[in-house]
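Next come the chains, spelled out residue by residue.
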Amino acid sequence: MWKKGSALLVAGMLVLTGCSGEASLVRDSIVASIEKPNYDYQGTLKLTGDVEKLPAAFGEAADKEDTAIFSALKAGVTMKGSQLDLKNTKVQFEVNDDKLLRDNKLWAGDKKASVELIVADDNFYAKTPLDSKYLKISADTTSALGGFGGSDADPAKLKEYQDKMNDLAINFMKKYIAKYGYTLSNAKNLGVETVELPNGEKVKATHVNIKIDAKELVKMFFFTANDAVASKDVKDFAIDMMVLANSLQEELDPEMGKTTEAEKRALAEATVTEGLQSAKEWLDETGKVYTPEKIVEEMKKEGFHGLAWNLDFYIDDAKMSVHQKSELSVTFQAPEMKQPLTVGLAADQYVYNFGKATKYDIPAKDAGLTIEQLYEDEKAINNFSDKGFLRPIAESLLEQHKWQKEWEAELEEEATADPIAP
């Protein structure tokens, strides 16, 4: 329900907050970035390790397309974007080396393989240099494809509740992260360094390094879980979210009948209280049997050999993280694998122009094609090149939409059929 993943991204970043001691500055910088989400960003993202060996490790023959895609992802993807706020952003992803993609007919043209993505409130746009139109996906599309509320959901009412839930989640995250108290065992303040940003600006920033392994992640999970079940903020948030969800369900389904706000809140409080109590009991019992050391040991028996995550944050005087680096590697061996493999993900990102993010244009109405328009005009799919990677995505969404339409037609036919007809 949260807009375009913004709040989900914030939730995912919780594991990076680190969270007291030397790493408390990182926690504060995440809160600051949520409160001031207007900036430009630029960076790289790439796969590392033995990713090209994955098919063979699982007993599968790697075809030329797999090899080409793995090669491109190991060479890395460059991203450059502008975020106006938590609901509006534009970013372009460009493959650093697309030679194998071209050799295997996965890309063509004079420009490098790339895709432009734009999030504008409830609309999402995607386009590559090979396409003549943007693929447009909106909240209406999500509902039509089986999202919350179904195809009969009132878009205006759905948007109203989505906005409320989104705001509630963001405000909760800011409050919870600001007080998150886990102390990482390996976090170091490496002092002040000069960071040169892509816009040419040089800033002084405090360098914080964090190292995390599998045991640390397990400890963080149990700390966070135990903290959550005892937190009044978590309980209040869960109750408020449940009240909103129940109110929306009543709006979308008139046959449910109406309950008062007090009745909704009483039901939500009872349900949440029971859920938190059950979670606490499970954590208490599990914690007695499975220590972090024992869990890591069990993970190794199942083929998870190890995890290493190195994080570097460079935070300026305004507590904004102007540069972040992340190197994650995981070593594992599934039962069908002859030997363990190590795969990973490396990211390097700069953030700058705080409060003065680069403006950009939202695609005009006739510049994009929705799934409904593709459904109504079979030839419209040709606006997405068959030599690019957006065409298969559009075709997949179109097939899902066709299935949804056929299913709705069958339901309508059954509903109108004569019940006593032979």
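These notes cover the structure that comes with them. The residue count restarts for each chain, going from 1 along the sequence in the order it is written. Totals for whole chains, interfaces and linings use every residue, but because this is a predicted model, local features are given only for residues with pLDDT of at least 70 and side-chain atom pairs only at 80 or more, for both listing and counting. Hydrogen atoms and water are omitted, and side-chain values are computed over all heavy atoms in the structure.

1. Some remarks on the pattern of salt bridges
Okay, so step 1: Salt bridges are counted wherever a side-chain nitrogen of Lys or Arg sits within 4 Å of a carboxyl oxygen of Asp or Glu. If you walk through the whole model with that rule in mind, you get 20 salt bridges.
Okay, so step 2: Residue Lys179 is joined to Asp233 by a salt bridge in which the shortest nitrogen-to-oxygen separation is 2.6 Å. In this pair, Lys179 is assigned in helix α7 (residues 155-179) and Asp233 in helix α9 (residues 232-252), connecting sequence segments 54 residues apart.
Okay, so step 3: Between Asp284 and Lys280 there is a salt bridge, with its nearest N and O atoms 3.1 Å apart. Remark: Lys280 and Asp284 occur in helix α10 (residues 261-289); sequence separation between them is 4 residues, near one turn of the helix.
Okay, so step 4: Relative accessible area decides the class of each residue, using a 1.4 Å probe on protein chains only: under 20% of the type maximum gives buried, over 50% gives exposed, and in between gives partly exposed. Classification of Asp284 by relative accessible area gives partly exposed; the value is 33%.
Okay, so step 5: It is possible to trace a salt-bridge network through shared partners that takes in Lys294, Glu297, Glu298 and Lys301. Segments assigned H or I by DSSP are reported as helices when at least four residues long, segments assigned E as strands when at least two residues long, and all are numbered from the N terminus.

2. A closer look at a nonpolar patch on the surface
Okay, so step 1: Two distance rules govern patches: like charges are joined within 9 Å, and nonpolar side chains (Val, Leu, Ile, Met, Phe, Trp, Tyr) within 5 Å, applied only to residues with over 30% relative accessible area and no salt bridge. The accessible surface values rely on the Shrake-Rupley method and a 1.4 Å probe; as for residues, cover is taken only from the protein chains in view. A contiguous nonpolar surface patch, about 330 Å² in accessible area, is contributed by Trp403, Trp407 and Leu411.
Okay, so step 2: Residue classification places Leu411 among the partly exposed residues on the basis of a relative accessible area of 38%.

3. Concerning the nonpolar core
Okay, so step 1: Within this scheme, the nonpolar core is defined by two criteria: the residues are buried Ala, Val, Leu, Ile, Met, Phe, Trp, Tyr or Cys, and they are joined through side-chain atoms within 4.5 Å. Within the largest apolar cluster, 48 residues are counted, with the highest numbers of intra-cluster contacts made by Val26, Leu184, Ile210 and Ile212.
Okay, so step 2: Those elements giving two or more residues to this core turn out to be α2 (24-35), α7, β8 (202-213), α8 (214-229), α9, α10, α11 (292-301) and β9 (304-315).
Okay, so step 3: Here this core takes 10 residues from α7, the largest share from any one element.
Okay, so step 4: Ile371, Leu374, Ala380 and Ile381 belong to the second-largest nonpolar core, a separate cluster that totals 12 residues.

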